[in-house]
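Report on the structure
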Amino acid sequence: LTSSRQAFTADTAAPERARAMQLFIRGLSGETSAVEAAPEATVGEVFRGASVAYGGVSLDAFVKLGEVLGLGEGSTVCEVAGLLGGGDGTEAMGKKNKHTHGLCVRCGKRSYHMQKKKCASCGYPAAKKRSYEWSKKAKRRQAQGTGRMRHLKHMARRFKHNFREGGSFPARKKNAKKD
């Protein structure tokens, strides 16, 4: 009995491998068409270079149909649109669309953390401006003379005339021509 069972399975398995299987392909527009293909044929040969997926997995063009897990007689393969662009890191960078920091009213930088309600650069709303001795370059960026200096830029000119205020000032004397 065991020898006849082995002979039966060996006889039926060989024609099954050689026989072409019928697959269905669902196109991008939704219509379904039938395709006859041998299990030894590659995905690229059968579907003529179209990007296809089966069971939620994209199939490479050089993979044989017989090697695809679960693909058999009457299976439906979906054609998928190939997207242009992308590359390494696109998915992770594409998800970064939240704004954690806004503009600070004191320093003007985009360092004000909206949930913490505190500026990462100047420490606003703290009365004392954020500054550390271990960061010389940061102190240099915020030092006197790096901003508008609305008041200090007029001090040198005012000092020259002893901080005079109001009234009309004497006319400037012109140099006399020397003959």
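In short, a report on the structure.

About the cut-offs
Throughout this document, residue positions are counted from 1 along each chain, in the order its sequence is written. Confidence filtering applies because this is a predicted model: local features only for residues at pLDDT of at least 70, side-chain atom pairs given and counted only at 80 or more, and all residues used for totals across whole chains, interfaces and linings. Water and hydrogen atoms were dropped before computing side-chain values, which therefore reflect all heavy atoms in the structure. The numbering of helices and of strands both runs from the N terminus, where a helix is a DSSP run of H or I of at least 4 residues and a strand a run of E of at least 2. Residue exposure (1.4 Å probe, protein chains only): buried if accessible area is under 20% of the type maximum, exposed if over 50%, otherwise partly exposed. By definition, residues are in contact when any of their heavy atoms lie within 4.5 Å. All accessible-area figures derive from a Shrake-Rupley calculation using a 1.4 Å probe, and residue coverage is judged against the displayed protein chains alone. Centre distance within 6.5 Å is the pairing criterion for rings of Phe, Tyr and Trp, where only the six-membered ring of Trp is used; planes under 30 degrees apart are then read as stacked, over 60 as edge-to-face, and the remainder as tilted. Lysine NZ or arginine CZ positioned within 6 Å of the ring centre and within 35 degrees of the ring normal marks a charge as sitting over the ring. By nonpolar core is meant a set of buried Ala, Val, Leu, Ile, Met, Phe, Trp, Tyr and Cys residues that side-chain atoms within 4.5 Å join together.

**Topic: the overall build of the chain**
Looking only at helices and strands, the chain has 5 helices and 8 strands in total. Starting at the N terminus and walking to the C terminus, you meet the elements of the chain as α-β-β-α-β-β-β-α-β-β-β-α-α. Evaluated residue by residue, the chain yields a buried proportion of 18% over its 179 residues. A fraction of 29% describes how many contacts in the chain between residues 6 or more apart in sequence connect residues 24 or more apart. Just so you have it, the chain exposes about 15300 Å², and 54% of that area is on carbon and sulfur atoms.

**Brief notes about the packing of aromatic side chains**
One pass over the structure, following the stated rule, counts 3 aromatic pairs. Ring geometry for Tyr132 and Trp134: centres 5.3 Å apart, planes at 20°, overall stacked. Exposure remark for Trp134: the relative accessible area of 68% places this residue in the exposed category. Stacked on the ring of Phe169, the Lys or Arg Arg164 has its end atom at 4.2 Å from the ring centre.

**A word on unusual backbone geometry**
With an omega of 15°, the peptide bond running from Tyr124 to Pro125 counts as cis. Within the chain, Lys117 stands out as a residue other than glycine whose phi angle is a positive 55°. Positionally, Lys117 belongs in the loop between strand E7 (112-113) and strand E8 (118-119). The backbone phi angle of Phe163 is positive, close to 55°, even though this residue is not glycine. Looking at where Phe163 falls in the secondary structure, it is placed in the segment after helix H5 (155-160).

**Some details on the nonpolar core**
Counting 16 residues, the largest nonpolar core has Val46, Phe47, Val52, Leu65 and Leu71 as its most contacted members. Listing elements by their share of this core, those giving two or more residues are strand E1 (21-26), strand E2 (32-37), helix H2 (43-46) and strand E3 (52-54). The element that contributes the greatest number of residues to this core is E1, accounting for 3 residues. When neighbours within four sequence positions are excluded, Val46 is seen to be in contact with Val35, Ala37, Ala41 and Leu65.

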